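Topology and contacts: notes
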Amino acid sequence: MQSALADVAQALMLPGTVGSVVDQVTGALIGAPREHRRTVRALAGCARLADLLEAEPDLDALSFYPHLLA
């Protein structure tokens, strides 16, 4: 009797587990492109980004970092 109840409980939990996994995968598939677009837009708004990426990594170049967000 206990084994049969355990089997029923396990069968009832399986759809919830599958649904949870599907929900997580769907969220990842939708969230990744959304985050990518947000990052691309943020980087596109940084007028000094190209100059900073091409500059030698010295103190003068690094001092522009706070101004990228402005």
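Per the secondary structure count, the protein chain includes 4 helices and 0 strands. When the helices and strands of the protein chain are placed in sequence order, the string is α-α-α-α. A total of 70 residues make up the protein chain; the buried ones form 6% of that total.

Where side chains of opposite charge bring their charged atoms close, a pairing between them can arise. Applying the stated criterion to the full structure yields 1 salt bridge. In this structure, glutamate 35 and arginine 38 form a salt bridge, with 3.5 Å as the shortest nitrogen-oxygen distance. Taken together, the residues span about one helical turn, with glutamate 35 and arginine 38 both in helix H1 (residues 2-44) at a distance of 3 residues. Residue glutamate 35 is classed as partly exposed on the basis of its relative accessible area of 39%.

Within the secondary structure, serine 63 is located in the loop between helix H3 (59-62) and helix H4 (65-68). Here the alpha-carbon distance between serine 63 and leucine 52, two residues 11 residues apart in the chain, equals 9.9 Å.

With that settled, the discussion passes to a nonpolar patch on the surface. On the surface, Val21, Val25 and Leu29 cluster together into a nonpolar patch covering about 280 Å² of accessible area. The class of leucine 29 is exposed, set by a relative accessible area of 62%.

A word on the confidence of the model for the protein chain. Overall, the predicted model of the protein chain reaches an average pLDDT of 75, with 66% of residues at or above 70. Predicted confidence in the protein chain is weakest over H4, with a mean pLDDT of 58, and strongest over helix H2 (residues 49-54), with 78.

Reading the values: rules and limits
Residues numbered from 1 in each chain as written. Predicted model: local features only at pLDDT ≥ 70, side-chain atom pairs only at ≥ 80, totals over all residues. Heavy atoms only, no water. Helix = DSSP H or I, 4+ residues; strand = E, 2+ residues; numbered from the N terminus. Buried < 20%, exposed > 50% of the residue type's maximum accessible area, 1.4 Å probe, protein only. Salt bridge = Lys/Arg side-chain N within 4 Å of Asp/Glu carboxyl O. Patch = residues over 30% accessible without salt bridge, like charges linked within 9 Å, V, L, I, M, F, W, Y side chains within 5 Å. Areas by Shrake-Rupley, 256 points an atom, 1.4 Å probe, with all protein chains shown as cover. pLDDT = per-residue confidence, 0-100.

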